[in-house]
Amino acid sequence: MPKVYIIEDSAINAFSTGRDLKHSVVCVTTGCLDRLNKVELEGVVAHELSHIRNYDIRLMAIVVILVGLVALLADFFMRSLWYGGAKRERSDRDNAQGIFLLIGIIFALLSPLIATLIQLSVSRKREFLADASGALLTRYPEGLASALEKIEIDTEPLEVANNATAHLYIANPFKGKIMGSWFSHLFDTHPPIEERIKILRSM
């Protein structure tokens, strides 16, 4: 049984965290308790319990560490070019080396961005998995689908959320966000709610 907490906030949202089953927490807002019916609240809690059961927090911690490692390696490579470049002999600077150097610089610049995109992609996929696992737990996908509809209609942002914790919540806690192109959606921490509802209702 995870520890259960309530956030004093009228926005409809919830999150879970914990490195394993024995050290886990489920947190819902007062908005969830006040504005969702029993079946919808059950769907939301089942989704959050699924994150714990699927070890999503541990997985995302590993992904964050790997992303940080890629960024450190890219930074190390760029610094080695900066400090080591003056010591190289002119004879070493031929055309082939210049091409490899250019490829290395491009990789060093792009690798942190690519690693971050992979991290966000993994986060979005785990949301789909938690939806499916939550539906399996309750045997009633409509409960979570209906709750997600109410969350989507709710325009109130969650006051306690920030960029570091946004990926933990059941839905994007920042409401009223201007929708951009497909490229901007690559940086979303959550898949579109409409798509999640569609998949739940097809189960």
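1. Remarks on unusual backbone geometry
So, point 1. With a phi angle near 55°, Tyr 55 is a residue other than glycine that sits in the positive phi range.
So, point 2. Looking at where Tyr 55 falls in the secondary structure, it is placed in the loop between α2 (38-53) and α3 (56-84).
So, point 3. A positive phi angle, near 60°, is found at Arg 139, a position not held by glycine.
So, point 4. In this structure, Arg 139 sits in the loop between α4 (95-138) and α5 (141-153).
So, point 5. Judged by relative accessible area, which is 64%, Arg 139 ranks as exposed.

2. Remarks on the side chain of Asp 154
So, point 1. Position of Asp 154 relative to the elements: it lies in the loop between α5 and α6 (182-185).
So, point 2. A residue is classified by how much of its surface remains accessible, and Asp 154, at 6% relative accessible area, is buried.
So, point 3. Within the structure, the side chain of Asp 154 is placed 3.1 Å from the side chain of Arg 35, a separation counted as a polar contact.
So, point 4. Beyond its immediate stretch of four places on either side in the chain, Asp 154 contacts Ala 11, Ile 12, Arg 35 and Lys 175.

3. Examining the pairing of strand β2 (residues 14-20)
So, point 1. Burial analysis of β2 places five of its seven residues in the buried class, which makes it a mostly covered element.
So, point 2. Relative to strand β3 (residues 23-29), β2 runs antiparallel, the two sharing six bridges. The partner of Phe 15 across the bridge, within β3, is Cys 27.
So, point 3. The hairpin formed by β2 and β3 contains two residues between the paired strands.

4. A short note on helix α7 (residues 193-201)
So, point 1. Within α7, burial applies to Ile 193, Arg 196, Ile 197 and Leu 200. The buried residues of α7 occupy an angular sector of 100° when the element is viewed end-on, so they sit on one face.

5. Observations regarding a nonpolar patch on the surface
So, point 1. A grouping of Met 78, Leu 102, Ile 106, Leu 109, Leu 110, Leu 113, Ile 114 and Ile 118 is seen on the molecular surface, where their side chains present a nonpolar patch of about 710 Å² in accessible area.
So, point 2. If one sorts the elements of the nonpolar patch by residue count, α4 sits on top with seven residues.
So, point 3. We classify Ile 114 as partly exposed; its relative accessible area is 46%.

6. Quick look at the sheet that holds β3
So, point 1. Taking strand neighbours across the sheet as the criterion, the three strands line up as β1-β3-β2 in an open arrangement whose pairing is mixed. The open sheet has two free edges, formed respectively by β1 (3-7) and β2, since each of these has just one partner strand. Each neighbouring strand pair of the sheet contributes to a mean axis angle of 15°, computed without reference to strand direction.
So, point 2. Sitting on the sheet, α2 touches β2 and β3, and the angle it makes with β2 is about 25°.

7. Here's the deal with the packing of α2 against α5
So, point 1. Packing of α2 against α5 leaves a shortest axis separation of 7 Å and a crossing angle of 95°. Accordingly, the angle class assigned to the pair α2 and α5 is roughly perpendicular. Between α2 and α5, the contacting residues are Val 39, Glu 40, Gly 43, Val 44 and His 47 on the first element and Gly 143, Leu 144, Ser 146, Ala 147 and Lys 150 on the second.
So, point 2. Across the contact of α2 with α5, the residue classes tally to four nonpolar, four polar and two charged.

Cut-offs applied
- Residues numbered from 1 in each chain as written.
- Predicted model: local features only at pLDDT ≥ 70, side-chain atom pairs only at ≥ 80, totals over all residues.
- Heavy atoms only, no water.
- Helix = DSSP H or I, 4+ residues; strand = E, 2+ residues; numbered from the N terminus.
- Buried < 20%, exposed > 50% of the residue type's maximum accessible area, 1.4 Å probe, protein only.
- Polar contact = N/O pair within 3.5 Å; in protein donor to acceptor, adjacent residues only side chain to side chain.
- Contact = heavy atoms within 4.5 Å.
- Pairing = 2+ DSSP bridges.
- Arc of directions from axis to C-beta.
- Patch = residues over 30% accessible without salt bridge, like charges linked within 9 Å, V, L, I, M, F, W, Y side chains within 5 Å.
- Areas by Shrake-Rupley, 256 points an atom, 1.4 Å probe, with all protein chains shown as cover.
- Salt bridge = Lys/Arg side-chain N within 4 Å of Asp/Glu carboxyl O.
- Axes fitted to C-alpha atoms, helices over the stretch in contact; angles between N-to-C directions.
- Parallel < 35°, antiparallel > 145°, perpendicular 65-115°, else oblique.
- Nonpolar A, V, L, I, M, F, W, Y, C, P; charged D, E, K, R; others polar.

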